[in-house]
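# Understanding the architecture of this molecule
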Amino acid sequence: MIVAGGHAAFNPEPIADFIDAAVLGDGEEAVLEITAIVREWKAEGCPGGRDELLLRLARTESVYVPRFYDVDYLPDGRIQRVVPNRADVPFRVHKRTTMDLDAWPYPKKPLVPLAETVHERYAVEIFRGCTRGCRFCQAGMITRPVRERSITTVGQMVREGLEFSGFSEVGLLSLSSADHSEIGDMCSGLAQQYEGTNVSLSLPSTRVDAFNIDLAQELSRNGRRTGLTFAPEGGSERIRKVINKMVSKEDLIRTVVTAYSNGWRQVKLYFMCGLPTETDEDVLEIADMAHEVIKAGRAATGSKDIRCTVSIGGFVPKPHTPFQWAPMERPEVIDHRLKILKQAINSDRSLGRAIGYRYHDGEPSLIEGLLSRGDRRVGSVIRKVWENGGRFDGWSEHFSYQRWVDAAAETLPAFGVDLDWYTTRQRDELEVLPWDHLDSGLDKDWLWQDWQDSLSEFEQDDCRWTPCFDCGVCPSMDTEIQIGPTGRKLLPLTPLGGNGMKVPTAGHPA
Ligand code: SF4
């Protein structure tokens with residue numbers, strides 16, 4: 001049995017030929033239910049074989065079994081409808097939502113790799129979901145509503161995780177960690193607890209404000225100051241309105257200067273290229289921003305020893321987001337913008353020397369776009385790429401753009417579509433999308449309205465602090481936003497680093 005899960009399972013159509021089932025949403029409880037059904041079916045002597053087992057799973061309404069659905073197409077290649085081909089299979093499959101994260105403090109004893117890995121740290125998820133509404137962000141859309149883990153459970157997970165893994169670094173992760181209602185107490189409590197030990201704590205810094213610097217300062221009490229990362233995502237104020245990332249240039253410069261003034265020497269800024277409605281000018285503003293960051297940082301610190309890295313990723317429209325209808329930009333346009341941005345950054349040698357520049361070419365993004373919004377017909381492209389030697393294409397040294405283009409040209413014309421049809425084409429409101437029968441809780445009308453708001457550069461607030469704007473998730477999934485502050489405390493409160501005492505991080509349990 002091959003069962004897909006995780007965020008990509010919200011459109012498993014391109015891999016429908018290769019899997020038995022896909023589970024949408026949170027896995028904690030779903031895994032137990034699925035294994036219980038499998039166990040029962042085995043105990044009965046496996047009646048009806050794999051087909052019967054899949055039917056039992058499909059009847060739960062939260063396991064999607066592609067073979068039980070037929071897809072009909074219109075003469076122009078668009079989907080006409082997706083319908084079950086079995087009587088008792090639901091028309092729509094719903095995502096799972098685990099509401100009480102405190103009841104699921106996992107992983108408890110993580111596997112510790114014997115080889116060195118890129119991120120050698122123990123990850124504690126401090127909350128799930130995000131309602132900030134960045135329009136490109138599939139994770140934020142499909143994991144709604146926000147559900148916080150209590151500060152007490154986070155403290156316990158950090159302590160036990162360190163003990164059972166042997167790691168000496170802990171990352172407090174989520175989609176926007178600084179938004180936890182008790183993040184201040186959490187960071188200062190943990191910092192106090194592990195002060196003087198060899199444990200370092202980190203927070204993925206994405207929010208652009210001074211509060212984030214305060215948190216980073218707390219967490220670096222042990223003296224380790226790694227770089228800070230901020231994600232303005234778009235170069236110009238205009239494009240940031242389009243994507244609903246409400247950060248002003250002034251805020252960004254103020255925040256970065258605060259970081260430099262507090263001893264950080266390295267700041268990373270993350271952006272995307274190829275966003276809907278983007279122009280060359282929007283991208284060139286990234287260079288201005290980076291120049292101003294360095295100038296302001298030098299003025300504030302009186303030192304030339306500061307650096308900023310500009311990192312650019314290619315935008316890929318994702319299912320279940322307002323950009324699911326958006327056309328992608330062509331790779332040659334992306335590559336042109338990346339090139340003129342590099343020239344603009346280096347147009348002032350003195351400033352350009354302090355700015356690092358990292359980017360991905362446009363071609364891999366186009367293929368990601370094919371896989372992101374593809375339907376079942378894309379399975380034939382994947383198979384052809386594999387037959388032609390494609391392996392580990394997520395690694396740039398193995399990726400061959402030409403192999404994908406050739407495979408698409410060989411297989412898709414038989415269906416009356418092509419690579420551009422899947423990627424650079426704008427969809428209209430009434431088009432049936434390949435994932436419409438997979439229910440993330442988001443109302444399709446609301447998503448369309450948010451796409452229209454994006455085009456008119458209208459910003460949407462965060463429903464954590466403003467009234468509900470009816471995205472549809474809470475009523476349709478029978479869930480609600482769960483945030484504190486709860487007033488609960490971190491336990492134990494005794495600092496572990498006093499009197500030379502170390503937390504138990506030495507030695508692998510293996
Ligand atoms: S339904 Fe309302 S409260 Fe719930 S996530 Fe959507 S906008 Fe927020």
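Everything discussed here concerns the structure shown above.
Overview of the structure. (Residues numbered from 1 in each chain as written. Predicted model: local features only at pLDDT ≥ 70, side-chain atom pairs only at ≥ 80, totals over all residues.)

Further remarks concern the sheet that holds strand β13 (residues 266-273). With respect to topology, 4 strands assemble into an open sheet ordered β12-β13-β14-β15, the strand pairing being parallel. The sheet is open, and its two edges are formed by β12 (228-233) and β15 (355-359), each paired on a single side. Along the sheet, successive strands turn relative to each other by an average axial angle of 20°, direction set aside. Across the sheet, helix α9 (residues 280-301) touches β13, β14 (307-314) and β15, and the angle it forms with β14 is around 160°. Taken strand by strand, helix α10 (residues 331-345) contacts β13, β14 and β15, and its axis lies near 175° from that of β15. (Pairing = 2+ DSSP bridges. Helix = DSSP H or I, 4+ residues; strand = E, 2+ residues; numbered from the N terminus. Axes fitted to C-alpha atoms, helices over the stretch in contact; angles between N-to-C directions. Contact = placed C-beta atoms within 7 Å.)

Neighbouring residues of the ligand: T131, R144, P145, C463, C468, F469, D470, C471, G472, V473, C474 and I481. Considered class by class, the residues forming the shell around the ligand number 8 nonpolar, 2 polar and 2 charged. (Near = placed C-beta within 6 Å. Nonpolar A, V, L, I, M, F, W, Y, C, P; charged D, E, K, R; others polar.)

This part takes up helix α14 (residues 401-411). Within the span of α14, buried status applies to W404, A407, A408 and T411. Buried residues in α14, looked at end-on, bunch into an arc of 100°, giving them a common side. Looking at the buried side of α14, the elements it contacts are α12 (362-372), α13 (378-387) and α15 (419-423). (Buried ≥ 20, exposed ≤ 12 C-beta atoms within 10 Å, placed from the backbone. Arc of directions from axis to C-beta.)

So, on to the packing of helix α1 (residues 28-43) against helix α2 (residues 49-58). When two helices pack together, their arrangement is given by the angle between the helix axes and by the axis-to-axis distance. Look at α1 against α2: their axes get within 10 Å of each other, and the N-to-C directions meet at 145°. When the axes of α1 and α2 are compared, the crossing they make is right-handed. Of the residues in α2, those touching α1 at I34, I37, V38 and W41 are L53, R56 and L57. Among the residues making up the contact of α1 with α2, the classes are represented as 6 nonpolar, no polar and 1 charged. (Left-handed = near helix turned anticlockwise from the far one by under 90°.)

A few words on the sheet that holds strand β7 (residues 122-125). Paired through their backbone hydrogen bonds, the strands of a sheet run either parallel or antiparallel. Here we have 3 strands laid out as an open sheet, ordered β7-β10-β11, and parallel in their pairing. With partners counted over all chains shown, the strands left at the sheet margins are β7 and β11 (200-202), one partner each. Neighbour to neighbour, the strand axes of the sheet diverge by 25° on average, direction disregarded. In terms of strand pairing, strand β10 (residues 169-173) meets β11 through 3 bridges, oriented parallel. Paired with E169 across the two strands is S200, which belongs to β11. Contacts from helix α4 (residues 151-165) reach β7 and β10 within the one sheet, and its direction differs from that of β7 by about 160°.

Moving on: the packing of α13 against α14. Running from N to C, α13 and α14 point in directions that differ by 125°, and their axes come no closer than 9 Å. The angle between α13 and α14 places the two elements in the oblique class. Crossing of α13 against α14: the hand is right-handed. Where α13 abuts α14, its residues S380, V381, K384 and V385 lie against R403, W404, A407, A408, E410 and T411. (Parallel < 35°, antiparallel > 145°, perpendicular 65-115°, else oblique.)

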